Amino acid sequence: MESFPVEICGGLQHMSESVFVVLCEILGTPQEVAIRRETQDIVEMVERRVTPYDGTIEMMSGSMREGFRLEGSDLDWMYWPNNHRVIMDMSQSEYYNTANTTLILADSPESPPGFTLLQLLTPTTNRKVCSACVRMNGKVHISSSLYRQLTCSAAVPNSTVHGPCASGNLAGREYDTAYCFVCDFWPLSASSWKDRCHAWPDPEVVNDIVRNGCHFVAIGHLFGSHEYEEWRISFSQAEYKCVSAMNHSQFLTYGLLKLFLKEVINEQSEETNKLLCSYHMKTTVFWAIQQNTLPHWCPQNLLVGFWVCFKLLLKWVYEGICPNFFIPQNNLFLTKVHGSAQNRLFLELHELYKKGLACLLQSSSIRFFIIDVLYNPRAFVLTDESLIMPEVDYDIELFNTMFTNVGSGKHRYIKAIHTIEQCVDSHLTHCQVVTLQRLTASALQRIAFILHNMYTNTGVNKQMYIADKMSYHMLKLAAKFGCVSDMLYIAMYYYKTLRYREALSVIEMTKVKLAQPYLMYRRRVDRERYTEAVGGQSWSTKTRQAGARDIRLYNRICYINELIPEQQSALQNRMPTLYIPVFVMLHFLEFLCYRHIDTKLSRAALDELQVLVHHDQGLYVRDIYRDISWEMLGICQQITGNHQAALYSYQQSLLTQYPLHNIQTATQRRIQDMIQSTPYQ
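Read on for an overview of the structure. Values in this document were obtained by computation on a predicted structure and should not be read as measured data.

1. Some words on the pairing of strand E15 (residues 551-554)
Right, so step 1: On E15, burial covers both faces: Ile-551 and Leu-553 on one face and Arg-552 and Tyr-554 on the other are all buried.
Right, so step 2: Sheet analysis places E15 next to strand E16 (residues 577-580), joined by four bridges and oriented antiparallel. Residue pairing across strands places Arg-552 opposite Tyr-579, the latter belonging to E16.

Okay, structure coming up:
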């Protein structure tokens, strides 16, 4: 390791072990990263099985999918039409039923490596695809630039085009969404990759990657002859599997490079701070591992691994060539790292290189830890115990990682339950079993309300009676699978069916459970009390007895009549869900129920809601949920006739810094209706 005086820190291996421990705290232990991946794996598996053939598949990609939870990281999603398939040659068309599948041919003879034209072979009913078609040389091709423009705001309104993605800021979080096409075959231009995989990844992983094909994202090569029509081959799915095939030292090396890029390289100068990106870091690690540059990737060699990757990156910048891991002929630097900017970037990186590993002292995330080790070599000693986190930390990770968005519509929810049932016999990890239980609870809740809405006011008493019994049974079952806050869905159902006293009984029970000192809500928990209460028990038991989540209302389903305008407003702006803080929902329901029974207690419930919304400092009401929280307070105030207070609450909802739910149309309409109905003073 040239340029680094090892003796000043009592040995490079010890320093590496210390940084390994620190990075486990920052980026995640092996168990935490496994929880993050496994939960999303099972959710996506269920989602794909329940998506209809003419529907849209979604896949999380990027660093979140890989298992990182870095502050400021983008949320990356890919979407593609399930009934469209790209083929590499005409012979592959025999694998598809063209009556229900639109075939697209990757036509790449004139395109640069890693890019292709997409020729539409069979008719499509997808309006965006039709609108993006152009005629070239007597053939119909799908224009990437047109398709990108047409799909830019499909997932999130008001997005802007950035590369192949639609980008923007949603509730303070940057996101990238890419609408693309899927191909079930491995591209011929990447055939050499499989031959290179002698030691890494394992043959089983390689075969799985090749078997699952690739995607095509809507961007052409800047120097290609058909820039606006070409599509780039995306290996996002393959990259995720390669990252998953890394050992934890390799994964942390990748994470350290990401931190180094963000906190050191991109802070050098304005001229160069956008030339390199996280994808270049990932590519560097992939090549370094596969070329067997370092025989042993282990905690003792972590900094050696970092230096190997940094030197490789420096070499690439000097040469102006960063070879794509799957298609080396595709130079990732070709359009950005060249000319005077390339020279400047090389000089900056070389200055860091001359400092040796001391350049890591410029990283704000790990600087102080390295200094601690320099002054106190015995402070960080790698042991098995140093990587074992307290039980409660893993519970927090699991509880906040479980995603529950599966399906849309009654038949998909029912199919989701059947799919989950089939998964039970599969080889699943413990956290995947708990995630399936969470998915089951969510599906049952939605079916229960859909069923009730279907048979309400049908005039057939027997059908209504049967539907009522089934709905209640499903909600009760969901509460057994779910967590403490899932009891509020039962209370909502009772309120919707005018059984106010029963609803209040459930609300009181929920109140007691939510008041327990060991409650885990989001990432906050009294660790000692929690461990005393549920330590050592199964995740299912912990979730049911000590976990609370915010309430999700799916906007195509009516749960509470008073919130219909908000759901409709959100839906019109393509926001499928209202996320309501659990304590806001508790007091809101309590107010609605008591106003039919006891005016004094109704007033008390409203007072509690008002104090919560006005004075909470993010403990129970997150900033991104303040729009709906102020709105619900305003609804209650308007019901009581306090129009002045309601007007203030609605205005606060409109002024929310992060208007996540897109309910502004409903808010403005409520203000207008209230002003019109108020007698002239």
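2. With respect to helix H22 (residues 564-572)
Right, so step 1: Of all the residues in H22, the buried ones are Glu-566, Gln-567, Ser-569 and Ala-570. Around the axis of H22, the buried residues are gathered within 165° of arc, so they sit on the same side.
Right, so step 2: Considering only its buried residues, H22 is in contact with E15, E16, helix H25 (626-640) and helix H27 (664-677).
Right, so step 3: Positioned one or two residues after H22, Arg-574 has a phi angle of 60°, which is positive.

3. Details of the pattern of salt bridges
Right, so step 1: All chains considered together, the criterion is met by 25 salt bridges.
Right, so step 2: The partner of Asp-41 in a salt bridge is Arg-65, with the nearest N and O atoms 2.3 Å apart. Linking Asp-41 in helix H2 (residues 30-50) with Arg-65 in helix H3 (residues 62-66), this pair joins segments that are 24 residues apart in sequence.
Right, so step 3: Judged by its relative accessible area of 28%, Asp-41 falls in the partly exposed class.
Right, so step 4: Among the ionic pairs, Arg-438 bridges to Asp-486, the shortest N-O distance being 2.8 Å. Within this pair, whereas Arg-438 is found in helix H16 (residues 430-455), its partner Asp-486 is found in the loop between helix H17 (461-481) and helix H18 (487-496), the two being separated by 48 residues in sequence.
Right, so step 5: You can call Arg-438 buried: its relative accessible area is 7%.
Right, so step 6: Taking the relative accessible area as the measure of exposure, Asp-486 reaches 3% and is therefore buried.
Right, so step 7: Members of the salt-bridge network, linked through shared partners, are Asp-41, Glu-44, Arg-48 and Arg-65.

4. Let's talk about the packing of aromatic side chains
Right, so step 1: Applying the stated criterion across every chain yields a total of 33 aromatic pairs.
Right, so step 2: Geometrically, the ring pair formed by Phe-68 and Phe-251 is stacked, given 4.3 Å between the ring centres and 15° between the ring planes. A residue pair is termed long-range when its members are at least 10 positions apart, and Phe-68 in the loop between H3 and strand E2 (75-81) and Phe-251 in helix H9 (residues 248-263) qualify at 183 residues. Residues Phe-68 and Phe-251 agree in their burial class; the two are buried.
Right, so step 3: Ring-pair connections join several aromatic residues into one group, and the members of that group are Trp-186, Trp-193, Trp-200, Phe-235, Phe-286, Trp-287, Phe-325 and Phe-326.
Right, so step 4: Over the ring of Phe-68 we find Lys-258; its NZ or CZ atom is 5.2 Å from the centre of that ring.
Right, so step 5: We note Arg-446 situated over the ring of Tyr-554; from NZ or CZ to the ring centre the distance is 4.1 Å.

5. Description of the nonpolar core
Where a protein is soluble and globular, its nonpolar side chains tend to be buried together.
Right, so step 1: Formed by 104 residues in total, the largest nonpolar core has its most connected members in Trp-193 and Phe-326.
Right, so step 2: Look past the residues within four positions of Phe-326 in its chain and what remains in contact with it is Trp-186, Ser-189, Ala-190, Trp-193, Phe-235, Ala-238, Glu-239 and Cys-242.
Right, so step 3: One finds Ala-171, Ile-557, Phe-583 and Ile-671 within the second-largest nonpolar core, a separate group that totals 75 residues.

6. Quick notes on helix H10 (residues 278-290)
Right, so step 1: The terminal C-alpha atoms of H10, which comprises 13 residues, lie 19 Å apart, in line with the 18 Å expected from a rise of 1.5 Å per residue.
Right, so step 2: In terms of burial, H10 is a largely internal element, eleven of the 13 residues being buried.
Right, so step 3: Regarding H10, the residues found buried are His-280, Met-281, Lys-282, Thr-283, Thr-284, Val-285, Phe-286, Trp-287, Ala-288, Ile-289 and Gln-290.
Right, so step 4: Tucked into the core, H10 has its buried residues touching H3, helix H6 (191-196), helix H8 (236-244), H9 and helix H11 (302-319).
Right, so step 5: Phi for Asn-292, located one or two positions after H10, is positive at around 55°.

7. Some points on the environment of Ala-546
Right, so step 1: Structurally, Ala-546 can be placed in helix H21 (residues 539-546).
Right, so step 2: For Ala-546, a relative accessible area of 1% puts it in the buried group.
Right, so step 3: If we ignore the near neighbours within four places in the chain, the residues touching Ala-546 are Val-484, Tyr-518, Leu-519, Met-520, Tyr-530 and Val-534.

8. Re unusual backbone geometry
Right, so step 1: Along the chain, Trp-200 connects to Pro-201 via a cis peptide bond; the corresponding omega equals -10°.
Right, so step 2: With respect to the helices and strands, Pro-201 occurs in the loop between H6 and helix H7 (203-211).
Right, so step 3: For Asn-137, which is not glycine, the phi dihedral falls at a positive 55°.
Right, so step 4: Counting through the fold element by element, Asn-137 comes out in the loop between strand E6 (133-136) and strand E7 (139-142).
Right, so step 5: The exposure class of Asn-137 is exposed, given its relative accessible area of 74%.

9. So, the packing of H22 against H27
Right, so step 1: Taken N-terminus to C-terminus, the directions of H22 and H27 make an angle of 140°; their axes are 7 Å apart at the nearest point. It follows from the interaxial angle that H22 and H27 lie oblique. Contacts between H22 and H27 involve Pro-565, Glu-566 and Ser-569 from the first element and Gln-664, Thr-665, Ala-666 and Arg-670 from the second.
Right, so step 2: Across the contact of H22 with H27, the residue classes break down as two nonpolar, three polar and two charged.

Definitions and limits used
- Residues numbered from 1 in each chain as written.
- Predicted model: local features only at pLDDT ≥ 70, side-chain atom pairs only at ≥ 80, totals over all residues.
- Heavy atoms only, no water.
- Buried < 20%, exposed > 50% of the residue type's maximum accessible area, 1.4 Å probe, protein only.
- Helix = DSSP H or I, 4+ residues; strand = E, 2+ residues; numbered from the N terminus.
- Pairing = 2+ DSSP bridges.
- Arc of directions from axis to C-beta.
- Contact = heavy atoms within 4.5 Å.
- Salt bridge = Lys/Arg side-chain N within 4 Å of Asp/Glu carboxyl O.
- Phe/Tyr/Trp six-rings, centres within 6.5 Å; stacked < 30°, edge-to-face > 60°.
- Lys NZ or Arg CZ within 6 Å of the ring centre and 35° of its normal.
- Core = buried A, V, L, I, M, F, W, Y, C linked by side-chain atoms within 4.5 Å.
- Expected span 1.5 Å × (residues − 1).
- Axes fitted to C-alpha atoms, helices over the stretch in contact; angles between N-to-C directions.
- Parallel < 35°, antiparallel > 145°, perpendicular 65-115°, else oblique.
- Nonpolar A, V, L, I, M, F, W, Y, C, P; charged D, E, K, R; others polar.

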